[in-house]
Amino acid sequence: AQKITQTQPGMFVQEKEAVTLDCTYDTSDQSYGLFWYKQPSSGEMIFLIYQGSYDEQNATEGRYSLNFQKARKSANLVISASQLGDSAMYFCAMREGDQAGTALIFGKGTTLSVSS
Amino acid sequence: DSGVTQTPKHLITATGQRVTLRCSPRSGDLSVYWYQQSLDQGLQFLIQYYNGEERAKGNILERFSAQQFPDLHSELNLSSLELGDSALYFCASSGGGFQETQYFGPGTRLLVL
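Everything in this summary refers to the structure shown in the same document. Residue positions are given per chain, counted from 1 along the sequence in the order it is written. Numbering of ligands from 1 and lettering of chains from A proceed in the order in which they are written. Note on the predicted model: pLDDT of at least 70 is required for a residue's local features to be given, and 80 or more for side-chain atom pairs to be given and counted; whole-chain, interface and lining totals, by contrast, use all residues. In computing side-chain properties, one takes all heavy atoms of the structure into account and sets aside hydrogens as well as water.

### Remarks on the interface of chain B and chain A
- Each partner contributes residues to the interface: chain B has 19 residues there, and chain A has 20 residues.
- In this assembly, chain B packs against chain A so that about 1700 Å² is buried in total across both faces, 57% of it on carbon and sulfur atoms.
- A pair is scored as a salt bridge if a Lys or Arg side-chain nitrogen falls within 4 Å of a carboxyl oxygen belonging to Asp or Glu. Put simply, chain B and chain A have zero salt bridges between them.
- In protein, a polar contact requires one atom able to donate a hydrogen and another able to accept it; more generally it is a pair of N or O atoms within 3.5 Å, and residues adjacent in sequence count only if both atoms are side-chain atoms. Linking chain B with chain A are four residue pairs in polar contact (both at pLDDT 80 or more).
- At the level of elements, strand S4 (31-38), strand S5 (42-50), strand S6 (53-57), strand S9 (87-94) and strand S10 (103-104) of chain B are the ones that each hand at least two residues to the side of chain B that touches chain A.
- Three classes are used, and their members are as follows: Ala, Val, Leu, Ile, Met, Phe, Trp, Tyr, Cys and Pro are nonpolar, Asp, Glu, Lys and Arg are charged, and the others, Gly among them, are polar. Grouping the amino acids of the side of chain B that touches chain A by side-chain chemistry returns eleven nonpolar, five polar and three charged. Contacts are assigned to residue pairs that have any heavy atoms within 4.5 Å of one another. Note: buried area is the sum, over both parts, of the accessible area (probe 1.4 Å) each one loses when the two are combined. By definition, any uninterrupted DSSP run of H or I lasting at least four residues is a helix, any uninterrupted run of E lasting at least two residues is a strand, and each is numbered from the N terminus.

Printed below as a string of structure tokens:
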């Protein structure tokens, strides 16, 4: 069963608009972490934002914020004031494991296109 | 720049061959992770090393092996290569605590012909 679901294959937004990229997850663990990464066309994976399962406040990093709804098991990424440079693939990931070993489980990604 | 380095950036080889991908983690990071990104499988976790020891294993084929050396750099060895092994291979590193963020290298793009 898919543990990270990103239902939007592609999203289109104009510059300066806000956009929400959806992510739902499935886990029975009480302690887990959720991440968003950006992959531009050049291929590198850039860390954007992190939310721990016990964090009471939504994470924010500059123009990025994470709308964390634990009961609904969703961790949506909100990008405010989109810029052309935000055009990229965005991946939601969940950390699985514990002190003995850990891994990131990724969703299939959402392609964001920002136009002027 | 994440501070994680990977070499080579591109690799073209033939089926049946063996290649070695190299990764240097960020300064001070003890954990190294390997991931494979392909069009059909997406991003998949392969293996984790922590301070030289294997810690977690994902969907890594038996033809693939990895190790982490005393200076903490890591190598991923891919042997008996098949067309389907063509992919982008990422190395990531973290400080070692399991809650820490993984920072990714630029990747090695492997093409098997």
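### Remarks on the environment of A:Tyr54
- Relative to the helices and strands, A:Tyr54 resides in the loop between strand S6 (46-52) and strand S7 (60-61).
- Not counting residues within four places of it along the chain, the set of residues in contact with A:Tyr54 comprises A:Gln30, A:Ser31 and A:Lys70.

### Regarding the pattern of salt bridges
Residues and elements named next belong to chain B.
- In this structure the tally under the stated criterion is six salt bridges over all chains.
- Across the pair Asp29 and Arg26 runs a salt bridge whose closest N-O atoms are separated by 2.8 Å.
- Relative accessibility thresholds used throughout: buried, under 20% of the residue-type maximum; exposed, over 50%; partly exposed, between the two (1.4 Å probe, protein chains only). Since its relative accessible area comes to 24%, Arg26 is described here as partly exposed.
- By sharing partners, the salt bridges in this structure join Arg63, Glu82 and Asp85 into a single network.

### Focus on a nonpolar patch on the surface
- Put simply, a patch holds well-exposed residues, over 30% relative accessible area, that have no salt bridge, with like charges counted together within 9 Å and Val, Leu, Ile, Met, Phe, Trp or Tyr side chains within 5 Å. Here the Shrake-Rupley method, with its probe set to 1.4 Å, supplies the accessible areas, and only the displayed protein chains count as covering residues. Together, B:Ile12, B:Leu111 and B:Leu113 make up an exposed nonpolar region whose accessible area comes to about 310 Å².
- Its location among the elements puts B:Leu113 in the segment after strand S11 (108-112).

### Side note on the state of the cysteines
All names here are of chain A.
- In this description, the term disulfide denotes a pair of cysteine sulfurs within 2.5 Å. For the structure on display, the rule yields two disulfides over all chains.
- What pairs with Cys23 in a disulfide is Cys92, and their sulfur atoms sit 2.0 Å apart. Across the disulfide from Cys23 to Cys92, rotation about the S-S bond amounts to roughly -60°, and the bridge is consequently left-handed. With a gap of 69 residues between them, Cys23 in the loop between strand S3 (19-21) and strand S4 (24-25) and Cys92 in strand S10 (residues 88-98) connect regions that are remote in the sequence.
- When its relative accessible area of 0% is taken as the criterion, Cys23 is described as buried.

### A few points about the packing of aromatic side chains
Residues and elements named next belong to chain A.
- Aromatic pairing here means that ring centres of Phe, Tyr or Trp (its six-membered ring) are within 6.5 Å. Orientation follows from the plane angle: under 30 degrees is stacked, over 60 is edge-to-face, and everything else is tilted. Scanning all chains against the criterion turns up 16 aromatic pairs over all chains.
- A centroid spacing of 6.3 Å and a plane angle of 65° characterise the contact between Phe35 and Phe47, whose relative ring orientation is edge-to-face. Highlighted residues: Phe35 in strand S5 (residues 33-39) and Phe47 in strand S6, separated in sequence by twelve residues.
- Given the relative accessible area of 1%, Phe35 is considered buried.
- When the ring of Phe91 is compared with that of Phe106, the centres are 6.2 Å apart and the planes differ by 85°; the resulting orientation is edge-to-face.

### Considering the side chain of A:Gln8
- With respect to the helices, strands and loops of the structure, A:Gln8 is situated in the loop between strand S1 (4-5) and strand S2 (10-14).
- Of the polar contacts made by the side chain of A:Gln8, one reaches the backbone nitrogen of A:Asp22; its length is 2.7 Å.

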